[in-house]
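Results of the structural survey
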Amino acid sequence: MSRPDPVSLPGKRPRDPRIDAFRGLALVMIFIDHVPGNPYENWTIRNFGFSDAAEAFFVMSGIAAGLAYSGRFAAPQIRLNGLWAAIRPIWSRSWTLYVVHVLLSAWAIAIFAWGAMALDVPELLTRINLRQVFENTAQTLIGIPLLTHQFGYVNILPAYSVLLLFAPVAIFVGMRAPLLMVAASVAIWFAAGMGRIDLPNYPNPGGWFFNPLSWQIIFVLGILTGIHMRRGERFVARRRWLFWSALAFLGFVFLWAQIPALGQPLHALMRQAGEAGLPFHVVGFDKTYVSLPRMLHVLALFYVLSCLPVVVRLAGSRVAAPLRLMGQHGLLVFSFGTAVSLLFQVLLAGYPDMALLPWLLPPLGVAAMLVAAMLGQAARRDHRRVPLPVVDPVAGPVADPVTAPAGPLPQAAAVAAAVPCPDCSADPLPATTLPSAGRAPGLQPAE
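Fair warning: this is a prediction, and the values are worked out from it, not measured in the lab.

Scanning the protein for helices and strands turns up 18 helices and two strands. By the burial criterion, 48% of the 447 residues in the protein qualify as buried. Put simply, 77% of the contacts in the protein that link residues at least 6 apart link residues at least 24 apart. Surface exposure of the protein reaches about 21500 Å², of which carbon and sulfur atoms provide 69%.

Here it is in structure tokens:
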């Protein structure tokens, strides 16, 4: 942990452009990866290392949550407002994610059922874990709202919703004993992998594809990063040796992924280590349990990017403005993009001979996601455009007859009511990601 950076402590804390820009970039890559068979998927992050956009988004989600919510857990705020005032907005967000997930699950069923009938592709009813819906309907209709039956490409929000339920503990402890929080998180991650402990599925056997007990580790590290960013500090200090070590690791992993003559023997060596008795989540590439190689890759990537001043300039540039806009409306863009990607999967299955379709659909989808973000931004501006009361120097404030409360309102209180909370614009949802249909080990979506 480093001491405060004076440059990072202005009177009003600015919104870090890197969070929104990288979240928007991750949304684009998630969308592209969730339209399998298109040529652009060869250029997403999953092709150049062990991790993919899912890990990146969980880290950014934690950072955004730490930034947005940690202020309420400061001792003076708790004494003033109580602990429930700090917990309530986080649990409210968790409930929102749950509702959105159930709605997306319904849309997934509707889109694939429509494709099976309208495009005469009955096998669509067996994809993305839909088979149970039509063959074991009663049990599946129980499992969907209980989050025990999740569809491929629509299964990241449950994990994030569960993690938000426990985020108050992580924030409270992380603000007072961050190293203790790290130790507890590592212990939970290791125990979940060793015992293959996961939340149960029903009616299918097995557990969740995104296991919250494992994914919490990168989410908690993100929370701790956000807590320190809010203070104008770094959770992991800049160290020359650490920067170059992380950069060297990223370069080594890139060569591992790109050169088969190097990657194949290394994969064989990792398998031998597993057969010799080392834990599978330490030497493997499993996504459900966030294997150590995947975790180290995403953490090294974030550390290197956080140390480069040019990244801040690029993230805040005009070129990155569309990405920032999409990142600022993460849940909206993610939900819309998920529905569109499922529709595009159906269209590709229904028209397999249209060679241009895989080239045309992804850019159209990204453009539609940007339009959705623009509409969300316009709606947010309209919501914030609350008319301030007209103040008569003698009679005092004249309240708007529509929006004013029944009783008298002092001028200062009226102005404060009309100005939004600076943290309210922070969307702590990393719009999330779904399992990619990737080529690297452990990146296949659950069926």
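The bulk of non-glycine residues show a negative phi, and the bulk of peptide bonds are trans. With an omega dihedral of 10 degrees, the bond running from tyrosine 202 to proline 203 counts as a cis peptide bond. Mapped onto the secondary structure, proline 203 falls in the loop between helix H8 (178-195) and helix H9 (212-230). One non-glycine residue, leucine 147, lies in the positive phi region at around 70 degrees. For tyrosine 153, which is not a glycine, the phi torsion comes out positive at approximately 70 degrees. By secondary structure assignment, the location of tyrosine 153 is in the loop between helix H6 (137-143) and helix H7 (157-176). On the basis of relative accessible area, tyrosine 153 is assigned to the buried category, the value being 6%.

A water-sized probe rolled over the atoms picks out the places where empty space is left. Applying the stated criterion across every chain yields a total of one cavity of 30 Å³ or more. Approximately 60 Å³ is the volume found for the largest cavity. Lining the largest cavity are 11 residues, with Ile30, Phe31, Phe334, Gly337 and Thr338 sitting closest to its centre. Elements that contribute at least two residues to the lining of the largest cavity include exactly helix H1 (17-33) and helix H16 (330-350).

Counting 85 residues, the largest nonpolar core has Phe58 and Phe151 as its most contacted members. Other than its neighbours up to four places away in sequence, phenylalanine 58 contacts Ile156, Ala159, Tyr160, Leu163, Phe210, Trp215, Ile218 and Phe219. Phe50, Trp256, Met270 and Ala273 belong to the second largest nonpolar core, which has eight residues in total.

Turning our attention to the packing of H1 against helix H15 (residues 321-328). At their nearest, the axes of H1 and H15 sit 7 Å apart, and the two run at 90 degrees to each other. With respect to H15, the element H1 is oriented roughly perpendicular. Residues Pro17, Asp20, Ala21, Arg23, Gly24, Leu25, Leu27 and Val28 of H1 touch H15, and the partners they reach there are Leu323, Arg324, Met326, Gly327 and Gln328. Taken together, the residues that form the contact of H1 with H15 break down as seven nonpolar, three polar and three charged.

This part is about the packing of aromatic side chains. Per the stated rule, a full pass over the model turns up 18 aromatic pairs. With centroids separated by 6.2 Å and ring planes inclined at 25 degrees, the aromatic side chains of phenylalanine 58 and phenylalanine 210 adopt a geometry described as stacked. With phenylalanine 58 in helix H2 (residues 53-69) and phenylalanine 210 in the loop between H8 and H9, the pair connects residues that are 152 residues apart, well separated along the chain. Each member of the pair, phenylalanine 58 together with phenylalanine 210, is buried. Put simply, the rings of Phe58, Tyr160, Phe209, Phe210, Trp215 and Phe219 pair up and form one aromatic cluster. Positioned over the ring face of phenylalanine 172 is arginine 176, at 3.8 Å from the centre of the ring. Lying across the ring of phenylalanine 280, arginine 196 places its NZ or CZ 3.7 Å from the centre.

About the thresholds
- Residues numbered from 1 in each chain as written.
- Predicted model: local features only at pLDDT ≥ 70, side-chain atom pairs only at ≥ 80, totals over all residues.
- Heavy atoms only, no water.
- Helix = DSSP H or I, 4+ residues; strand = E, 2+ residues; numbered from the N terminus.
- Buried < 20%, exposed > 50% of the residue type's maximum accessible area, 1.4 Å probe, protein only.
- Contact = heavy atoms within 4.5 Å.
- Areas by Shrake-Rupley, 256 points an atom, 1.4 Å probe, with all protein chains shown as cover.
- 1 Å grid on protein atoms, 1.4 Å probe; cavity = no way out; pocket = protein on both sides within 12 Å on 5 of 7 lines; lining within 4 Å.
- Points joined across faces, edges and corners; volume = space filled by probe spheres on them.
- Core = buried A, V, L, I, M, F, W, Y, C linked by side-chain atoms within 4.5 Å.
- Axes fitted to C-alpha atoms, helices over the stretch in contact; angles between N-to-C directions.
- Parallel < 35°, antiparallel > 145°, perpendicular 65-115°, else oblique.
- Nonpolar A, V, L, I, M, F, W, Y, C, P; charged D, E, K, R; others polar.
- Phe/Tyr/Trp six-rings, centres within 6.5 Å; stacked < 30°, edge-to-face > 60°.
- Lys NZ or Arg CZ within 6 Å of the ring centre and 35° of its normal.

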